[in-house]
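Now for the letters of each chain:
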Amino acid sequence: MTEKSAEATRDRLVRAAAELLAEGGRDAVSTRAVSAAAGVQAPTLYRLFGDKDGLLEAVAAHGFAEYLTDKVALGESADPVQDLRRGWDLHVQFGLTHPAFYLLMYGDPKAGASSAAGKEAENKLRRIVQRIAEAGQLRVSVSRGAELVHATGKGVVLTLIGTPEDERDMEFAAAAREHVISSITTGGQALGDTAVPARAAGLAAALRSEPVAALTGTEQALLVEWLDRIADA
């Protein structure tokens, strides 16, 4: 099998598995069913993916790539907080539209965790939070802000997926979104008591974007670490 034909076969198997996943959930994705749907012998599947877990990781990466395509399409506006809201809403919509994919992507911490698309999605969230910090509107460090948004959003979607569709309260997702935004941002108000943490977060974000020539790499890393600790205090 040439490299080109192997890649085509791999893609066919991933797409077949993705269709089975969407139709019947994770239990429907057996190596026998995927091989039959793709018209490929089982030994070829094992040679390309190692085992079923390897196949599921590839399917999760495929799901991340689709999600990332929609996320990139959002673009950036002049208001990073509003961009965070739009990204949150897209995340919720994707999860509820593709629940089987979402459970594979986020219900199993290992599946897709190392995929390039998964890392890029995380980087895009961090980029939005970084822009909020650069605007002086973040009251925690960029790392903590991104982690809070990610963890809260994931919990919201998993909760909604586990709730019968006719019993879902979509206001729950909006309320959780506004709660996490209010907990990590200044809300556009005067800084007041949040002045030092917000300014520390903003300076740390600025230093990550534009290193100061007067500082060595070690000095800059230490300063950013101190600023992050102040932002999270």
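See the structure shown above.
Remember, it's a predicted structure, so these values are computed and weren't measured experimentally.

Calculation criteria
- Residues numbered from 1 in each chain as written.
- Predicted model: local features only at pLDDT ≥ 70, side-chain atom pairs only at ≥ 80, totals over all residues.
- Heavy atoms only, no water.
- Phe/Tyr/Trp six-rings, centres within 6.5 Å; stacked < 30°, edge-to-face > 60°.
- Helix = DSSP H or I, 4+ residues; strand = E, 2+ residues; numbered from the N terminus.
- Buried < 20%, exposed > 50% of the residue type's maximum accessible area, 1.4 Å probe, protein only.
- Axes fitted to C-alpha atoms, helices over the stretch in contact; angles between N-to-C directions.
- Parallel < 35°, antiparallel > 145°, perpendicular 65-115°, else oblique.
- Contact = heavy atoms within 4.5 Å.
- Nonpolar A, V, L, I, M, F, W, Y, C, P; charged D, E, K, R; others polar.
- Expected span 1.5 Å × (residues − 1).
- Arc of directions from axis to C-beta.
- Salt bridge = Lys/Arg side-chain N within 4 Å of Asp/Glu carboxyl O.

*Asks:* Which residues make up the packing of aromatic side chains, and what values do they have?
*Replies:* Per the stated rule, a full pass over the model turns up three aromatic pairs. Arranged with centres 5.6 Å apart and planes meeting at 75°, the rings of Phe64 and Tyr106 form a pair that is edge-to-face. Of this pair, Phe64 sits in helix α4 (residues 52–74) while Tyr106 sits in helix α6 (residues 99–107); the two residues are 42 residues apart in sequence, bridging distant segments of the chain. Like Tyr106, Phe64 is buried. Between Tyr67 and Phe94, the ring centres sit 5.2 Å apart and the planes meet at 50°, which makes this aromatic pair tilted. With Tyr67 in helix α4 and Phe94 in helix α5 (residues 80–97), this residue pair connects regions lying 27 residues apart in the sequence. The pair formed by Tyr67 and Phe94 is uniform in burial state, with each residue classed as buried. Put simply, the rings of Phe64, Tyr102 and Tyr106 touch in pairs and so form one group of aromatic residues.

*Asks:* Which residues make up the packing of helix α1 (residues 3–24) against α4, and what values do they have?
*Replies:* Running from amino to carboxyl end, α1 crosses α4 at an angle of 80°, the nearest separation of the two axes being 9 Å. Our classification of the angle between α1 and α4 gives roughly perpendicular. Residues Arg10, Leu13, Val14, Arg15, Ala17, Ala18 and Leu21 of α1 form the contact with α4, whose participating residues are Leu55, Ala58, Val59 and His62. When the residues that make up the contact of α1 with α4 are grouped by side-chain class, the tally is eight nonpolar, one polar and two charged.

*Asks:* With reference to specific residues and values, describe the side chain of His91.
*Replies:* Looking at the secondary structure, you find His91 in helix α5. Classification of His91 by relative accessible area gives buried; the value is 10%. Those residues in contact with His91 that sit more than four places away from it in its chain are Tyr67, Tyr102, Tyr106, Gly153, Lys154 and Val157.

*Asks:* Hey, could you go over helix α11 (residues 217–231) for me, with residue numbers and the actual values?
*Replies:* Helix length check: α11 (15 residues) gives 21 Å between terminal C-alpha atoms against 21 Å at 1.5 Å per residue, within 8%. Those residues of α11 not exposed but buried are Gln220, Val224, Leu227, Asp228 and Ala231. The buried residues of α11 occupy an angular sector of 100° when projected down its axis, which confines them to one face. Among the exposed residues of α11, those oriented more than 90 degrees off its buried face are Thr218 and Arg229.

*Asks:* An account of the environment of Met105 is requested, with residue identities and associated values reported.
*Replies:* In this fold, Met105 is placed in helix α6. Met105 gets classed as buried once you look at its relative accessible area, which sits at 3%. The spatial distance from the C-alpha of Met105 to the C-alpha of Gly95 is 9.7 Å, given a sequence separation of 10 residues.

*Asks:* Requested: an account of the pattern of salt bridges, with residues and values cited.
*Replies:* This model, assessed by the stated rule, comprises nine salt bridges. When the shortest N-O distance is used, the salt bridge between Arg15 and Asp11 registers 3.1 Å. With Arg15 and Asp11 both in helix α1, this residue pair falls four residues apart, about one helical turn. Accessibility expressed as a relative area gives 44% for Arg15, which makes it partly exposed. Classification of Asp11 as partly exposed rests on a relative accessible area of 36%. Between Glu76 and Arg131 there is a salt bridge; the shortest N-O distance is 3.8 Å. Of this pair, Glu76 sits in the loop between α4 and α5 while Arg131 sits in helix α7 (residues 116–134), and the two are 55 residues apart along the sequence. Classification of Glu76 as exposed rests on a relative accessible area of 53%. Exposure remark for Arg131: the relative accessible area of 11% places this residue in the buried category.

So yeah, pure geometry; function would need other evidence.
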